[in-house]
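Coordinate inspection notes
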Amino acid sequence: MENNNLFLNASCRTLIIGSSGAIGGALVDNLKKTVGPKNVVTLSRTENGLDFMNPETISMSSRQQDGLFNLIVDATGSLRIDNVGPEKSLSMVEYETMLAQFKVNTIGPALLIKNFMKFLPRKGKVVFATLSARVGSIEDNRLGGWISYRASKAGLNQIVKTASIEASRKNPHSVFLAIHPGTVLSKLTEPYLGNKSFVVPDEAAKNILRVIEQIDHSDTGGFFSFDGSKVPY
Ligand SMILES: NC(=O)c1ccc[n+]([C@@H]2O[C@H](COP(=O)([O-])OP(=O)(O)OC[C@H]3O[C@@H](n4cnc5c(N)ncnc54)[C@H](OP(=O)(O)O)[C@@H]3O)[C@@H](O)[C@H]2O)c1
């Protein structure tokens, strides 16, 4: 991993999608300090009506943007939808629940990439990062369970990898990556934390931005943990 200290600077324009979430909000706060408030554009379901259950809102949100973004972070995602949490075993898998998980964690981000890729400059380092989850790693799956969430994040990782190949043809310095943010205190995780250790969103955001600062094109298509280590697909 090469160091590129100048990426998050005062001329780096950024877009945080899912800015209403715990990690998304902390990314916005941290970026305002590094790239400056005018370089941070936000987009979310709460603030702008971007809803992955309604795909027209994705293309509509893209039409509302102008100018280019050197960094786009997709910090959306869901573990519990319509009050249905992750399955403990295959016997709990339900068609509608799994479909909803894929809509939010896989198809929504895929359509984000489709609609927002055009805002990445064709020259120099540009980054599109999406928040995935270590439980989406097939190789690292040791506990089972959480079937729909795991599968939807594994699908997301495949989309990031595929997009990285297409983006490389447009900009040979582009970086597309999936990031595992660690276990972070948020409304998504709160019911499932138990005695697990966690970090607060501000620390998670700092970790994610450190990874984004350090990665370069040689890392594109990769799945990274918050500490910069690679997670196997
Ligand atoms: N927290 C962790 O420990 C942890 C661990 C591994 C991976 N992650 C991943 O990190 C990401 C952010 O998680 P978080 O902890 O910050 O969760 P969060 O606080 O619940 O934030 C989730 C974000 O996703 C948005 N969202 C949810 N459903 C949506 C939909 N249908 N359409 C559009 N946006 C939608 C939310 O928008 P509204 O608030 O406006 O509804 C919010 O901005 C997720 O992808 C999650 O899987 C988190």
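To keep things clear, this report deals only with the structure shown in the data block. Every value quoted in this text rests on a predicted model; they were computed, and no experiment measured them.

1. Remarks on the overall build of the protein chain
- A count of helices and strands for the protein chain gives 6 helices and 6 strands.
- The helix and strand sequence of the protein chain, counted from the amino end, reads β-α-β-α-α-β-α-β-α-β-α-β.
- What you see for the protein chain is a C-alpha radius of gyration of 17 Å, in line with the 17 Å of a compact globule of 233 residues.
- When the 233 residues of the protein chain are sorted by exposure, 52% land in the buried category.
- When contacts within the protein chain are restricted to residue pairs at least 6 apart in sequence, long-range pairs at least 24 apart make up 75% of them.
- When the accessible area of the protein chain is evaluated, it comes to approximately 11,400 Å², of which 54% is carbon and sulfur surface.
- Where the 26 positive side-chain charges of the protein chain centre and where its 21 negative ones centre are 4 Å apart.

2. Considerations on the sheet that holds strand β4 (residues 126–131)
- Here we have 6 strands laid out as an open sheet, ordered β2-β1-β3-β4-β5-β6, and parallel in their pairing. The open sheet has two free edges, formed respectively by β2 (40–43) and β6 (223–225), since each of these has just one partner strand. Averaged over neighbouring strand pairs, the angle between their axes works out to 20 degrees when direction is ignored.
- Inspection of the sheet shows strand β5 (residues 174–180) paired to β6 by 3 bridges, in the parallel sense. Considered in β6, the bridge of Ile179 is made with Phe224.
- In the packing of helix α5 (residues 147–170) onto the sheet, contacts are made with β4, β5 and β6, and the angle to β5 comes to roughly 165 degrees.
- Relative to the sheet, helix α6 (residues 201–214) contacts β3 (71–74), β4, β5 and β6, its axis offset from that of β5 by approximately 150 degrees.

3. Some words on the environment of Gly77
- Checked against the element boundaries, Gly77 lands in the loop between β3 and α4 (95–116).
- Residue classification places Gly77 among the partly exposed residues on the basis of a relative accessible area of 33%.
- Residues Gly77 and Gly21, 56 residues apart in the sequence, show an inter-C-alpha distance of 8.9 Å.

4. Considerations on the environment of Ser78
- Summarising the element assignment, Ser78 is placed in the loop between β3 and α4.
- For Ser78, a relative accessible area of 16% corresponds to the buried category.
- A C-alpha to C-alpha distance of 9.5 Å links Ser78 and Thr189, two positions 111 residues apart in sequence.
- In this view, Ser78 contacts Gln101, Val104, Asn105, Tyr149 and Leu188; residues no more than four positions away in its chain are not counted.

Parameters and conventions
- Residues numbered from 1 in each chain as written.
- Predicted model: local features only at pLDDT ≥ 70, side-chain atom pairs only at ≥ 80, totals over all residues.
- Heavy atoms only, no water.
- Helix = DSSP H or I, 4+ residues; strand = E, 2+ residues; numbered from the N terminus.
- Rg over C-alpha atoms; globule rule 2.2 N^0.38 Å.
- Buried < 20%, exposed > 50% of the residue type's maximum accessible area, 1.4 Å probe, protein only.
- Contact = heavy atoms within 4.5 Å.
- Areas by Shrake-Rupley, 256 points an atom, 1.4 Å probe, with all protein chains shown as cover.
- Lys, Arg positive; Asp, Glu negative; His and termini not counted.
- Charge placed at Lys NZ, Arg CZ, Asp CG, Glu CD.
- Pairing = 2+ DSSP bridges.
- Axes fitted to C-alpha atoms, helices over the stretch in contact; angles between N-to-C directions.

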